[in-house]
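Letter by letter, the chains look like this.
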Amino acid sequence: MALQCGIVGLPNVGKSTLFNCLSSARAQAANFPFCTIEPNVGVITGPDERLTRLAELVHPRRIVPTTVEIVDIAGLVKGASKGEGLGNKFLANIRETDAILHVLRCFDDENVTHVDGSVDPVRDKEIIDAELQIKDLETIDARIQKVQKQAQTGGDKAAKLLLEVLLKFKAALSQGLSARTVSFETKDEQRAARDLFLLTAKPVLYVCNVDEASAVSGNAYVQAVRTAVKNEEADILVVAAKTEADIAELETYEDRQLFLAEAGLAESGVNRLIKAAYQLLNLETFLTAGEDEVRAWTYHKGWKAPGCAGVIHTDFEKGFIRAEVIKYADFLAYGSEAAVREAGKLSVEGKEYVVQDGDIMHFRFNV
């Protein structure tokens, strides 16, 4: 399951620096607006120590972790919805992503210019929110014009439902609220809402880019952002991108861990960000373990066994018979699949089994 997150924000807030920390790709980072024009794309592996532990027991030919595609999108400015700066290109790129990593500048540095002349992350957030909301309103108004007459005079139930969804979105957006703040009760409404692909309906993680001294506990700028987003369906992550860049330059795992310990951090911001992105999108991973490979697979939390089987191959889902499940802790405790079976700790599950994060799965199927 391909996961794509777009890094967005005003110019010079640290987007490309953060991208460079996340990816082996090296985006150009410079102290002037629109340094990034074409979106840089990097594929990074999801941190999961369970794979390493399993590999120590199974000795597979290869280890395959999950991956996340990170897209560094050009900086946005006020008026982007009308084509200012690189607005139209920005909006087209962001529409293709699954989630938004909204980078906010939460540090003072007189050597790094700010496009609006001063540091104010709440103002910066509101600028981008407004531009995306304006674009969504344009989308909503265009759709309303197409379906309104059909819904009111044609007796089309689907058109009537869509119109109700559109009007609910319009009411929120007109008040300066993002589409993600609107909730729908029925599955039909939820499906109609998803099919609109609104920019402000995408899940968002606010990444507060701070100075090194604020990497552990944050600062006043971060607190202002927390207050501003408290009523949103959004999370906040505090990261010192410059510090993360220094960590990324270290060659060995031991050196990186030592650097983190000296900075008072239990885990790198990069790892925390990837985990937060999975949580943001309600994603989990199940595992497969054999002599050929130990591998992590991404699925949506709450999926049942056949759907997860389909992540590996559509034939697995079509011809699903059963799933053999080993809990990760049991595999570690007994040391091998054979020992788990002998201890009676392997369970055989049917189509209604809800897969749990970290389950080690083996699917039986027939096509």
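Refer to the structure above for everything that follows.
Residues numbered from 1 in each chain as written. Predicted model: local features only at pLDDT ≥ 70, side-chain atom pairs only at ≥ 80, totals over all residues. Heavy atoms only, no water.

S.K.: I would appreciate a short explanation of the overall build of the protein chain in the present structure.
M.R.: Looking only at helices and strands, the protein chain has 14 helices and twelve strands in total. Burial analysis of the protein chain (367 residues in total) assigns 48% to the buried set. Summing over all exposed atoms, the protein chain offers an accessible surface of approximately 18,400 Å²; the carbon and sulfur share of this is 48%. (Helix = DSSP H or I, 4+ residues; strand = E, 2+ residues; numbered from the N terminus. Buried < 20%, exposed > 50% of the residue type's maximum accessible area, 1.4 Å probe, protein only. Areas by Shrake-Rupley, 256 points an atom, 1.4 Å probe, with all protein chains shown as cover.)

S.K.: Please explain a negative patch on the surface as it appears in this structure.
M.R.: Judged by side-chain charge, Asp108, Asp109, Glu110, Asp211, Glu212 and Asp246 come together as a negatively charged surface patch. Structurally, the position occupied by Glu110 is in the loop between strand S5 (99-105) and helix H4 (121-153). (Patch = residues over 30% accessible without salt bridge, like charges linked within 9 Å, V, L, I, M, F, W, Y side chains within 5 Å. Salt bridge = Lys/Arg side-chain N within 4 Å of Asp/Glu carboxyl O. Lys, Arg positive; Asp, Glu negative; His and termini not counted. Charge placed at Lys NZ, Arg CZ, Asp CG, Glu CD.)

S.K.: Just to check I follow, could you spell out the pairing of strand S7 (residues 234-239) for this structure?
M.R.: Consecutive side chains of a regular strand alternate in pointing toward one face of the sheet and then the other. Across six bridges, the pairing between strand S6 (residues 204-209) and S7 is parallel. Among the inter-strand pairings, Tyr206 is bridged to a residue of S7, identified as Ile236. A crossover connection joins S6 to the parallel S7 through helix H7 (residues 220-228); in handedness this β-α-β unit is right-handed. (Pairing = 2+ DSSP bridges. Right-handed = clockwise from strand over helix to strand, strands pointing away.)

S.K.: I would appreciate a short explanation of unusual backbone geometry in the present structure.
M.R.: Peptide bonds are trans in most cases, and residues, glycine excluded, mostly fall at negative phi. Despite not being glycine, His59 has its phi angle at roughly 55°, a positive value. Residue position: His59 is located in the loop between helix H2 (49-58) and strand S3 (62-64). With a relative accessible area of 62%, His59 lands in the exposed category. Unlike most non-glycine residues, Phe197 shows phi in positive territory, near 50°. On the secondary structure map, Phe197 appears in the loop between helix H6 (187-194) and S6. Exposure remark for Phe197: the relative accessible area of 55% places this residue in the exposed category.

S.K.: Can you walk me through the side chain of Asp129 in this structure?
M.R.: With respect to the element layout, Asp129 can be found in helix H4. On the basis of relative accessibility, which here comes to 10%, the residue Asp129 falls in the buried class. Setting aside chain neighbours within four positions, we find Asp129 in contact with Tyr206 and Glu232. (Contact = heavy atoms within 4.5 Å.)

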